[in-house]
Amino acid sequence: MGIGRRRPTAGAAGATGTARAAGAARVGRAAGVAAVALAVTAGTIGTAGAVGAAPDGDGDARRPGVNRLEGVWQTDGYGIIVEIHGTAFTTYDVTRISCTPGFYSGAQVGAPGRDGTVRYGQSGKAYASSSVTPRGHDRAVYKEDGAASAREFTRLPGGLPAQCRQPAPQDALASFDRFWATFEENYPFFAAKGIDWRAKGAQARAGITPQTSTDDLQKILVGLLEPLGDAHTALGRKRPGGGYDGVFGGQRPGTAEPTDEVREQSARAVAAQLLAPERTFGRGLLGVGELPGGIGYLRVSAFDGYVEDGPYQDHAAELDKALDLLLAHPERLNGVVVDLRLNGGGSDELGLRIASRLTDRPFLAYRKVARNDPADPTRFTRPQQSVVRPATGTTRYTGPVALLTAGSTVSAGETFTQAMAERRPAPVRIGENTQGVFSDIMFKPVSADFVAVLPNEKFLTRSGSTFDGPGIPPNVRTPVFTPEELGQGRDSALTEARRLLSAGAAGSTGAADTAGTADASDASDAAEAADSDTDTATDTAVSTAAAGAGPR
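So, here is what we can say about the structure in this document. (Residues numbered from 1 in each chain as written. Predicted model: local features only at pLDDT ≥ 70, side-chain atom pairs only at ≥ 80, totals over all residues. Heavy atoms only, no water.)

1. Digging into the pattern of salt bridges
Logical step 1: Summed over the entire model, instances satisfying the criterion amount to 25 salt bridges.
Logical step 2: Residues Lys368 and Glu457 are paired through a salt bridge, measuring 3.5 Å at the closest nitrogen-oxygen approach. Here Lys368 is found in strand E15 (residues 363-370), whereas its partner Glu457 is found in strand E21 (residues 457-460), with 89 residues between them in sequence. For the pair shown, Lys368 and Glu457 are each scored as buried.
Logical step 3: One network of salt bridges, in which partners are shared, links Arg151, Lys368, Asp440 and Glu457. (Salt bridge = Lys/Arg side-chain N within 4 Å of Asp/Glu carboxyl O. Helix = DSSP H or I, 4+ residues; strand = E, 2+ residues; numbered from the N terminus. Buried < 20%, exposed > 50% of the residue type's maximum accessible area, 1.4 Å probe, protein only.)

2. Details of the nonpolar core
Logical step 1: Ranked by size, the top nonpolar core spans 41 residues in total, and within it Leu298, Val300, Phe303, Tyr306, Val338, Ile354 and Phe416 carry the most contacts.
Logical step 2: Elements with a minimum of two residues in this core: strand E12 (286-291), strand E13 (295-300), helix H6 (312-326), strand E14 (335-339), helix H7 (348-356), E15, strand E17 (401-405) and helix H8 (412-420).
Logical step 3: Broken down by element, the residue count for this core peaks at six residues, all from H6.
Logical step 4: Discounting residues that sit within four places of it in the chain, Phe303 has contacts with Leu340, Asn343, Gly345, Gly346, Ser347, Leu350, Gly351, Ile354, Ala412, Gly413 and Phe416.
Logical step 5: Residues Ile80, Val82, Val132 and Phe183 belong to the second largest nonpolar core, which totals 39 residues. (Core = buried A, V, L, I, M, F, W, Y, C linked by side-chain atoms within 4.5 Å. Contact = heavy atoms within 4.5 Å.)

3. Looking at the sheet that holds E21
Logical step 1: Here we have three strands laid out as an open sheet, ordered E16-E15-E21, and antiparallel in their pairing. Bordering the open sheet on either side are strand E16 (384-388) and E21, each of which pairs with just one other strand. Across the sheet, the axes of successive neighbouring strands diverge by a mean angle of 25°, strand direction being ignored.
Logical step 2: Where E15 lies against E21, four bridges are found, and the strand directions are antiparallel. Looking across to E21, one finds that Arg367 is bridged to Leu460. (Pairing = 2+ DSSP bridges. Axes fitted to C-alpha atoms, helices over the stretch in contact; angles between N-to-C directions.)

4. Considerations on the state of the cysteines
Logical step 1: One pass over the full model with this rule turns up one disulfide.
Logical step 2: The partner cysteine of Cys99 in its disulfide is Cys164, sulfur to sulfur 1.9 Å. Disulfide Cys99 to Cys164: torsion about the S-S bond roughly 100°, handedness right-handed. Taken together, the residues span a long stretch of sequence, with Cys99 in strand E4 (residues 98-108) and Cys164 in the loop between strand E8 (150-155) and helix H1 (172-186) at a distance of 65 residues. (Disulfide = S-S within 2.5 Å.)

5. Section: the packing of aromatic side chains
Logical step 1: Within this structure, the stated rule accounts for 16 aromatic pairs.
Logical step 2: Ring centres 5.8 Å apart and planes at 10° place the aromatic pair Tyr142 and Phe153 in the stacked group. With a gap of eleven residues between them, Tyr142 in strand E7 (residues 139-144) and Phe153 in strand E8 connect regions that are remote in the sequence.
Logical step 3: Cluster of aromatic residues (ring-pair linked, three or more members): Phe179, Phe183, Tyr187, Phe189, Phe190 and Trp197. (Phe/Tyr/Trp six-rings, centres within 6.5 Å; stacked < 30°, edge-to-face > 60°.)

6. Focus: the sheet that holds strand E1 (residues 71-75)
By way of backbone hydrogen bonds, the strands of a sheet pair with one another, either parallel or antiparallel.
Logical step 1: Read once around its circumference, the closed barrel built from eight strands follows the order E1-E2-E3-E4-E5-E6-E7-E8, with strand pairing classed as antiparallel. This sheet shows a mean twist of 35° between the axes of neighbouring strands, independent of strand direction.

Read these as layout, nothing more, since geometry by itself doesn't imply function.
Now the structure itself:
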């Protein structure tokens, strides 16, 4: 849910669903890399937690229950205009050539808070899932529950642009132009992938005529997407009964969608090494077990979808149940294996929640930027940092960790891997490169028939690099669920993790490696946090705490 989240799901679309979890819940809980039957429809607004705001001195407008957000706003980046009128939240997608009704809308839930924060939720749901907080009269912050960053809103004093009130032309050429412009103005990786988008667009556009059918246009659009090799790109086509079917889903060349048979065989291969059957949580997406030698095992097949329908907090509570079992007696653990090999993505915040149970000191997870200049692909929003903060009031584990990754480790599975690379001691990564897609995804209707899915963000390491494209490499490369391995019931990655953890080698293998980690102090993390654009009291407290924590 939200005005742009993560990976498209592989389930069928519901009549009023969103796109984040199993079976038409939340955006981005993909069941795999290539299958993209989008579980999405228009008419939802996303997920969020309240963000602190500065008072604006508006007199009566400061009283609880008064909506100070009435008006029209534009996001910094993301190509979205938001109209807030009464209790309604409506979005519009904008490019330099168009303004059309957006993919998301919603309704206010409850009265505004004392600081002016207004919570919004999906129509027909009893719970809120996003919030907007005013910061003065002309700025506001939007944040989604489960998201690791916020978005800046700026008020448009002239109200909704006239172009947004006019019906958009729906012929094939106009639809193509909106599709092309949407990628041209938002996609961050054309240069990295060696794609001349303008040349390819001009060539494809030349083949469109008044006789171009919907099927013909679909082939043209897919033809532009395929060379990107990006698992965060997709095309959905509207169904007669509502919702969308996925007609294309990108993936990195050389990777494949795990089949149901592979999932079943891999589960048997893992089970053969566990001392007892794993305990499952979160509708089977989480598994907890024990390996020989006092090593804990946590399988995370997604970072969302843990409950059939409910707010982010319900998903977090289900994750906590699994973590509480895993870490019931941390003093008895000689290591922990986190298995991300079949992880289709989800909520970044849930990944940080796991990381918070695996540390006793704060550390910088990553910084995030988004494209925000339609004419200049090198310009991005100011970096927002995400800090892993030690969980309070519960058990934590600070010993050696092994992460199992593969090409089917996607999206939030990768942002968690990137975050954990900054932990001390750093985990050892075993298996294969992750898929190489990190950004939240945006759903952009480009015609009455098609919705385009694309990324527009970069998740930066401490050094400012990204792993979009090739993915995060392992420290120790092993086969992952190959036909040969599965045919013999072997799991080389898990076996290697057990060996390294038992030998006490896992804490040193991943120290200063190709994931861009650095042997830095927590004071360095505090400096990163001090430079952050998020200025909440919580972040300030984390910076202060980190500064006094001393070297790792």
